[in-house]
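For reference, the chains in residue letters:
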Amino acid sequence: MLGVLRRKAASGASSASVYGKSLYKHKPVGSTPRACSAMPEEIIHYTRIFGNVRTFCHLPLAGRAMPLMPERHTRKFVHHLQQDFNVQIWSRSFSSNTEGDIVEAVVPFMGESISDGTLATFLKKPGDRVEVDEPIAQVETDKVTIDVNSPEAGVIQKFVAKEGDTVEPGTKVAIISKSGEGVTHVAPSDEKPSEKAPPPPSPAEEKKEKPLPKVETTPVVEKPKGSSPPPPRPSATEPQLPPKERERRVPMTRLRKRVATRLKDSQNTFALLTTFNEVDMTNLMKLRSDYKDAFVEKHGVKLGLMSGFVKAAISALQKQPIVNAVIDGDDIIYRDYVDISIAGLVVPVLRNAENMNFAEVEKGINALAKKATDGTISIDEMAGGTFTISNGGVYGSLLSTPIINPPQSAILGMHSIVNRPMVVGGNIVPRPMMYIALTYDHRLIDGREAVFFLRRIKDVVEDPRRLLLDV
């Protein structure tokens, strides 16, 4: 008989001891027992109704099924049940503590205009101990190299990225254990691991490997082949290339690839033209020599020649605003502010330079140069710029034609100072002279405006008093 019992023992003819909420399906003796699944709190065990009926129920406990046992074994079953739940609670607590010990080092935010970078190199190894904010890797972008710092003090468990991967802000780079647990230190060893000896052959294999009787064969005598002709000698007119073993192939860095692309785009986009002039540095160098001590004492920074050229360029840009403009499609954008880019290994920008005096210009240049040397300069400090000054004279360059930095329209090139004979007041005298060059976009700037611009820089540098009188 198959049925579902839903009523409680009310007539006294039967009684049931209830352990839960669900009921079992029963069948008479002789039929195949059925198994049902139930949680421990849902079991109803009937002891007196249908004594000839046996019911089996499998309980999924701790990953295994246990059959329902008779009443005399209930206490033993409950004891096992309690043990299972105790083990489960203990393992969860241990797992929670382990997860709290692990932190992840991720790629930081790299700037508004940078979406990804290349993982250039790791500064640490797995097993090394690091402090808070200590650099563990470097990411190279199109403009600057950024450090990936450790968020907590601990020991590096492993790296989850590898050198050369393209990473985005938030990408996981390393797993760090704050307590140092679970870190395996690999000891260096110069010896190679010995190869495992092969297992001894089985008796069946030994029978198969018995040597077969040798069969005598007549040796075949090969006919002597004619000697191969010598390789042809290269002709006297054929160029002798160096062997490949003397060449090295190194992948370009991300920064170098970006610079190469931008410079080639500049050549392909702009109508580049360069005009030159020469500047007598006598008065500017005398001004620097006369006031250098007083300048340092008051402003705490040395008076250099670059501030004189920056102030001269600002004056020239205000006289010729077209040099500070840029083409955008079919329009010309005139910029009523002056942001001077100082070209070097990186190109930091001196913001709102038209409002600065000599001391502020020198302080701004020194601060940006220190950040560029330390590698702490940000993307925002290199973005933008309306005009660029490149000083190749620090490397000994006598003359050059600089390339425009897009999206600007002109660039000023400074060069080395060389004493040359000059005619002054009808006499030939030695003078410290510098060649200056202006490369400009001829689509926007005419030759007349470019020459006037460069002439204004020459006049201000040769007589700095013009800046004071605005003449």
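About the criteria used
Residues numbered from 1 in each chain as written. Predicted model: local features only at pLDDT ≥ 70, side-chain atom pairs only at ≥ 80, totals over all residues. Heavy atoms only, no water. UniProt positions renumbered as here; feature names shortened; annotations may be inferred. Helix = DSSP H or I, 4+ residues; strand = E, 2+ residues; numbered from the N terminus. Buried < 20%, exposed > 50% of the residue type's maximum accessible area, 1.4 Å probe, protein only. Contact = heavy atoms within 4.5 Å. Areas by Shrake-Rupley, 256 points an atom, 1.4 Å probe, with all protein chains shown as cover. Axes fitted to C-alpha atoms, helices over the stretch in contact; angles between N-to-C directions. Left-handed = near helix turned anticlockwise from the far one by under 90°. Nonpolar A, V, L, I, M, F, W, Y, C, P; charged D, E, K, R; others polar. Salt bridge = Lys/Arg side-chain N within 4 Å of Asp/Glu carboxyl O.

- The name given to the protein in an unreviewed UniProt entry is dihydrolipoyllysine-residue succinyltransferase, with Rehmannia glutinosa as the source organism.
- Regarding the protein, the UniProt comment filed under Pathway (unreviewed entry) reads as follows: "Amino-acid degradation; L-lysine degradation via saccharopine pathway; glutaryl-CoA from L-lysine: step 6/6."

1. Considering the overall build of the protein
Phase 1: When helices and strands are counted, the protein shows eight helices and 24 strands.
Phase 2: Residues counted as buried form 31% of the 471 residues belonging to the protein.
Phase 3: Contacts spanning at least 24 positions in sequence make up 60% of the contacts within the protein whose residues lie at least 6 apart.
Phase 4: When the accessible surface of the protein is totalled, it reaches about 32100 Å², and 54% of it is carbon and sulfur.

2. So, the packing of helix H5 (residues 306-319) against helix H6 (residues 358-374)
Phase 1: For the pair H5 and H6, the least separation of the axes is 9 Å and the interaxial angle reads 115°. For the pair H5 and H6, the sense of crossing is right-handed. For the pair H5 and H6, contact is made by Met306, Ser307, Gly308, Val310 and Lys311 and by Phe358, Val361, Glu362 and Ile365, respectively.
Phase 2: A per-class count over the contact of H5 with H6 returns five nonpolar, two polar and two charged.

3. Here we look at the pattern of salt bridges
Phase 1: In the structure shown here, the tally under the stated rule is 14 salt bridges.
Phase 2: A salt bridge links Glu247 to Lys244; the nearest nitrogen and oxygen atoms lie 3.9 Å apart.
Phase 3: Taking the shortest distance from any N to any O, the salt bridge between Arg455 and Asp459 comes out at 3.6 Å. Pair noted here: Arg455 and Asp459 are both in helix H7 (residues 447-462), with a separation of four residues, about one helical turn.

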